[in-house]
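Okay, here's what each chain looks like letter by letter:
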Amino acid sequence: MEVTCLLLLALIPFHCRGQGVYAPAQAQIVHAGQACVVKEDNISERVYTIREGDTLMLQCLVTGHPRPQVRWTKTAGSASDKFQETSVFNETLRIERIARTQGGRYYCKAENGVGVPAIKSIRVDVQYLDEPMLTVHQTVSDVRGNFYQEKTVFLRCTVNSNPPARFIWKRGSDTLSHSQDNGVDIYEPLYTQGETKVLKLKNLRPQDYASYTCQVSVRNVCGIPDKAITFRLTNTTAPPALKLSVNETLVVNPGENVTVQCLLTGGDPLPQLQWSHGPGPLPLGALAQGGTLSIPSVQARDSGYYNCTATNNVGNPAKKTVNLLVRSMKNATFQITPDVIKESENIQLGQDLKLSCHVDAVPQEKVTYQWFKNGKPARMSKRLLVTRNDPELPAVTSSLELIDLHFSDYGTYLCMASFPGAPVPDLSVEVNISSETVPPTISVPKGRAVVTVREGSPAELQCEVRGKPRPPVLWSRVDKEAALLPSGLPLEETPDGKLRLERVSRDMSGTYRCQTARYNGFNVRPREAQVQLNVQFPPEVEPSSQDVRQALGRPVLLRCSLLRGSPQRIASAVWRFKGQLLPPPPVVPAAAEAPDHAELRLDAVTRDSSGSYECSVSNDVGSAVCLFQVSAKAYSPEFYFDTPNPTRSHKLSKNYSYVLQWTQREPDAVDPVLNYRLSVRQLNQHNAVVKAIPVRRVEKGQLLEYILTDLRVPHSYEVRLTPYTTFGAGDMASRIIHYTEHNTCHFEDEKICGYTQDLTDNFDWTRQNALTQNPKRSPNTGPPTDISGTPEGYYMFIETSRPRELGDRARLVSPLYNASAKFYCVSFFYHMYGKHIGSLNLLVRSRNKGALDTHAWSLSGNKGNVWQQAHVPISPSGPFQIIFEGVRGSGYLGDIAIDDVTLKKGECPRKQMDPNKVVVMPGSGAPCQSSPQLWGPMAIFLLALQR
């Protein structure tokens, strides 16, 4: 008997459809959240308008099998917006507090590996209105040869907005225009940033001294309010003027306290003062208070330009700049330049020789240089000249030139740089001139031309410099264009010729150049050499992990391939099965010469040979692992998400059923699927119902179906489906089944299917059932139960008792629907019983260009104590909502109710239900015939077999 019942449960709801259902992805973008309006621009382009700071929510509705993966990307908008680098992989794109820079075109890309991906787009237009800025400018011109002067004032109002703002100018409370006042002119200037309107007051008159208001508006788009700014024009209105308490260039010593005052000499209204520093912010410890800037214990790093700016929105801002120079000296260098005319690179008697000395100083031009020979001041002569600002050398450089070098000119020369009278230490540099002073040579030490290290280790590149004096060595990259050194610099100086690298990485591999510097040595052509750095790193292999499926008894070849590594070869390969070492496979002679992969062949897949295989590949630097999971178990099922109206509700029993459909992924890869094990568990519950579903041979793309019954409204369920073959259980697939009403609303849930109460009406609709009715409610009006006739069933109604008055309206607004069809049909049940019944109206709110409500259906008066059904055809041109409007009649016996609202694509039934054809209420004694069931004859047949 138990076997018979199991067969009855498992076989009867199950269906197979032979046609393949694999289909390429299809996509459609729908909107939600706080959109102002969605409109069609040039027919093909969709534009989504939203207010800055609101929440953007776009949903990509997809169809196709297998279930497509969705990726959101963005183009246009601000160049600083990097959204396209952080793509969102989700069907819903949500951006909280959207900014104007996030406007642009958003793309939804859906792909499932079948056919070409589906790509849809929508342009997001972010609306905003900033606070306006108002500035005043005035001109004075002579007329008729200085007989009198005309004074003209320009009030310029600028604002950033989207869409473009509309400007209104007011004097006091009066709106200004060209036609009403010949003394004003309003125009839009060319080449301005943002939206700008100028109010021109021509030949200023006494009545023009008044308060002026610039009001900007985007016509309440997205609910953005108007904004305004006011300026009072008087006969003393003037732009700011400034003067400084110090010179524009201020030279100070380190450690001094610096105080600079910025004094106002004019301006009405009173200007605002602000100090700034370039480059960078004000120094740490600096205090800017009003027009006074104080910097305690100033240091060399505090040098720079300090700007004092005064603004009062009249004329141009006044600006004064102080160039603060803190005395300092650093980096003393020298150069030895042999006879340039004779193109010599060596020091030779009888030829000219130039010694140069330079320091980096602030201020540079105030540095003085003094030359010494063998500890004594150098004496000027016809053969010994000291020059300054050599055009071939850096600015403010001192040079000592020796004409026709004699043996007596050999010696030690010292150049000293100083700031006379300033507490800044002198800097000096020393150079020895003798027969041993020779230009440099550079080379790489033996065995150091190629440096090989492992990734993550330190490395040292070395070049040897010979010569006297020995100059610093400069390092750079050779083989990579514009490449930087690991330090982030294009050139790096090393005094000992060694470039030290910490924790080298593979991208540091390449050729490095070392060359002699032209300072602190001979000013001649640089000598150079090259060093090759090879960074060894462990191998990278593929596949890192692979799931290998094969039917029992069939062979399998496992291959682990080397992608990259240094050295680029396989030194050894070790195979393991479930952690146990396997004997090495036979070596193929051709692969032994330059092995780039390792292979393992299994003659037949069995239950014993199924499991985890690991191939460890080494290149003597490190190792990498390929993992293979070999099995004969079946792949997971692929749930089918495009089932039309899978939820079928049964309001009378408070249950619903769900049509579960799926295909089997790669059914021919392993042994045939014999049956499925189905597990159904209500969320937040522990117990699950398990059923076996036997099947015949399953083809690829074949749609399988099972109807889940006795699911409780409105609970959700977790469904797990596992295929079974001769090998055993395969991979399990799971999904969550949600109770959805598919545009049919029974009002059973407190969320009432997303319907909301209109905030602009007089009162609200009420949700109730027979159990929650007020026992003192008005008799002879309203329904006793919902359309199902059960006391638990809910419906929506309007209560017309006090304090309601004649003509009061209650509006129930649906969620926003996206028009994807030309025609729709709204079907619903209504109950209009009572002698004071008013009206029930159905309106359609179009959101194509703002909110526009149109009447689609209306009914008034008492229609009896029965539920009746209406079918209303609508044809929205864009996104829309439906509105149920209940209007209170002349008295309290006027309750109106609605239930079971359905929105379907297509035209309404041609045969309208007779308004007088009633739905019989429970307890009326009407006959009830049970529906025929498919399983009835089968149950009788099985029972007969059992007997």
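Residues numbered from 1 in each chain as written. Predicted model: local features only at pLDDT ≥ 70, side-chain atom pairs only at ≥ 80, totals over all residues. Heavy atoms only, no water.

As annotated in an unreviewed UniProt entry, the protein carries the name MAM domain-containing glycosylphosphatidylinositol anchor protein 1 and comes from Papio anubis. Quoted verbatim from the Subunit (unreviewed entry) field of UniProt, the annotation for the protein is "Interacts heterophilically through its MAM domain with proteins in axon-rich regions and through its Ig-like domains with proteins in differentiating muscle. Interacts (through the Ig-like domains) with NLGN2." According to its UniProt record, the protein has this under Function (unreviewed entry): "Required for radial migration of cortical neurons in the superficial layer of the neocortex. Plays a role in the formation or maintenance of inhibitory synapses. May function by inhibiting the activity of NLGN2." (UniProt positions renumbered as here; feature names shortened; annotations may be inferred.)

## A short note on the overall build of the protein
Looking only at helices and strands, the protein features 3 helices and 71 strands. Here the analysis covers contacts within the protein between residues at least 6 apart in sequence; of these, 70% occur between residues at least 24 apart. In the form shown here, the protein has an accessible surface area of approximately 50,300 Å², with 51% of it arising from carbon and sulfur atoms. (Helix = DSSP H or I, 4+ residues; strand = E, 2+ residues; numbered from the N terminus. Contact = heavy atoms within 4.5 Å. Areas by Shrake-Rupley, 256 points an atom, 1.4 Å probe, with all protein chains shown as cover.)

## As for the state of the cysteines
This model, assessed by the stated rule, comprises 8 disulfides. Between the sulfur of C157 and that of C214 lies a disulfide, 2.0 Å long from S to S. Here C157 and C214 share a disulfide; its torsion about the S-S bond, -85°, makes the bridge left-handed. One end of the pair, C157, is in strand β11 (residues 148-159); the other, C214, is in strand β17 (residues 211-217), and 57 residues separate them in sequence. Look at C157 and you get buried, because its relative accessible area is 0%. Here C745 pairs with C753 through a disulfide, and the sulfurs are 2.1 Å apart. Its S-S torsion of approximately 90° makes the covalent link between C745 and C753 right-handed. (Disulfide = S-S within 2.5 Å. Buried < 20%, exposed > 50% of the residue type's maximum accessible area, 1.4 Å probe, protein only.)

## Thoughts on the packing of aromatic side chains
Counting across every chain of the model gives 12 aromatic pairs. Residues F747 and Y755 carry aromatic rings whose centres are separated by 6.0 Å and whose planes lie at 65° to one another, so their mutual orientation is edge-to-face. An identical accessibility class is assigned to F747 and Y755; each is buried. An aromatic cluster is built from F828, Y830, W857 and F884, whose rings are joined through pairwise contacts. For R506, the ring lying beneath its charged end belongs to F537, and the centroid distance is 3.9 Å. Above the face of the Y635 ring, R549 is positioned so that its terminal group lies 4.4 Å from the ring centre. (Phe/Tyr/Trp six-rings, centres within 6.5 Å; stacked < 30°, edge-to-face > 60°. Lys NZ or Arg CZ within 6 Å of the ring centre and 35° of its normal.)

## Some words on the nonpolar core
Counting 32 residues, the largest nonpolar core has Y755, F828, I882 and F884 as its most contacted members. Where this core is concerned, the elements lending two or more residues are β64 (795-798), β65 (809-813), β66 (824-832), β67 (839-846), β68 (852-860), β69 (868-874), β70 (880-887) and β71 (896-905). Leave out the neighbours within four places in its chain, and Y755 touches C745, F747, L812, V813, S814, P815, Y817, I882, F884 and V901. One finds I347, L353, Y410 and V429 within the second-largest nonpolar core, a separate group that totals 29 residues. (Core = buried A, V, L, I, M, F, W, Y, C linked by side-chain atoms within 4.5 Å.)

## Brief notes about the pattern of salt bridges
Where charged atoms of side chains with opposite charge meet at close range, the side chains can pair. Following the criterion strictly, the structure yields 38 salt bridges and no others. In this structure, K633 engages D731 in a salt bridge whose closest nitrogen and oxygen atoms are separated by 3.2 Å. Of this pair, K633 sits in the loop between β51 (623-631) and β52 (637-639) while D731 sits in the loop between β59 (728-729) and β60 (733-737), and the two are 98 residues apart along the sequence. Ionic contacts of the salt-bridge type, sharing partners, join the residues D758, R809, R811, R845, D853 and E885 into one network. (Salt bridge = Lys/Arg side-chain N within 4 Å of Asp/Glu carboxyl O.)

## Here we look at unusual backbone geometry
For the bond from H65 to P66, the omega torsion is 0°, close enough to zero to count as cis. Between R802 and P803 the backbone carries a cis peptide bond, its omega angle lying at 10°. Relative to the helices and strands, P803 is located in the loop between β64 and β65. Not every positive phi belongs to a glycine, and N331 is a case in point at roughly 55°.

## Here's the deal with the confidence of the model for the protein
Looking at the protein as a whole, its pLDDT mean stands at 86, while 87% of the residues score no less than 70. Note on residues 1-19: pLDDT under 50 across the span, and 37 contacts to partners over four residues away in sequence or across chains. Counting interchain partners and residues more than four positions distant, the pLDDT-below-50 stretch residues 143-148 has 4 contacts. (pLDDT = per-residue confidence, 0-100.)

## Observations regarding a nonpolar patch on the surface
Together, M380, L385 and V386 line one region of the surface with nonpolar side chains, adding up to about 240 Å² of accessible area. Here V386 lies in strand β31 (residues 384-388). Looking at V386, the relative accessible area reads 35%, which means it is partly exposed. (Patch = residues over 30% accessible without salt bridge, like charges linked within 9 Å, V, L, I, M, F, W, Y side chains within 5 Å.)

## Here's the deal with the sheet that holds strand β45 (residues 545-549)
Pairing in this open sheet of 5 strands is mixed, and the strands run β45-β51-β50-β47-β48 from one edge to the other. In this open sheet, the two edge strands, each paired with only one partner strand, are β45 and β48 (580-581). With 2 bridges joining them, strand β47 (residues 572-577) and β48 adopt antiparallel strand pairing. Across the sheet, residue R576 finds its bridge partner in β48, namely L581. (Pairing = 2+ DSSP bridges.)

## A few points about the pairing of strand β33 (residues 411-418)
Strand direction decides the pairing type here: strand β29 (residues 368-373) and β33, joined by 6 bridges, are antiparallel. Opposite Q370, over in β33, you have M416 as the bridge partner.

## Points about the sheet that holds strand β26 (residues 318-326)
An order of β20-β26-β25-β22 is seen for the 4 strands of this open sheet, with the pairing classed as mixed. Taken across any chain shown, the strands that pair with only one partner, and hence form the sheet edges, are β20 (249-252) and β22 (272-278). Taken pair by pair, the neighbouring strands of this sheet meet at an average axis angle of 20°, ignoring direction. Two elements, β20 and β26, share 4 bridges in a ladder whose sense is parallel. Its bridge partner being in β26, V251 is matched across the sheet by L325. (Axes fitted to C-alpha atoms, helices over the stretch in contact; angles between N-to-C directions.)

## Quick word on the side chain of K354
Secondary-structure assignment places K354 in strand β28 (residues 353-362). Within the structure, K354 has its side chain in polar contact with the side chain of D390 (distance 2.5 Å). Apart from the residues lying within four places of it in its own chain, the contact partners of K354 are Q335, I336, T337, D390, E392, S399, L400 and E401. (Polar contact = N/O pair within 3.5 Å; in protein donor to acceptor, adjacent residues only side chain to side chain.)

## Points about the environment of T49
With respect to the helices and strands, T49 occurs in strand β4 (residues 45-51). Taking C-alpha positions, T49 is 8.4 Å from R123, a pair spaced 74 residues apart along the chain.

## Topic: the environment of G789
Examined against the element boundaries, G789 turns out to sit in the loop between β63 (766-768) and β64. On the accessibility criterion, G789 (15% relative accessible area) is buried.

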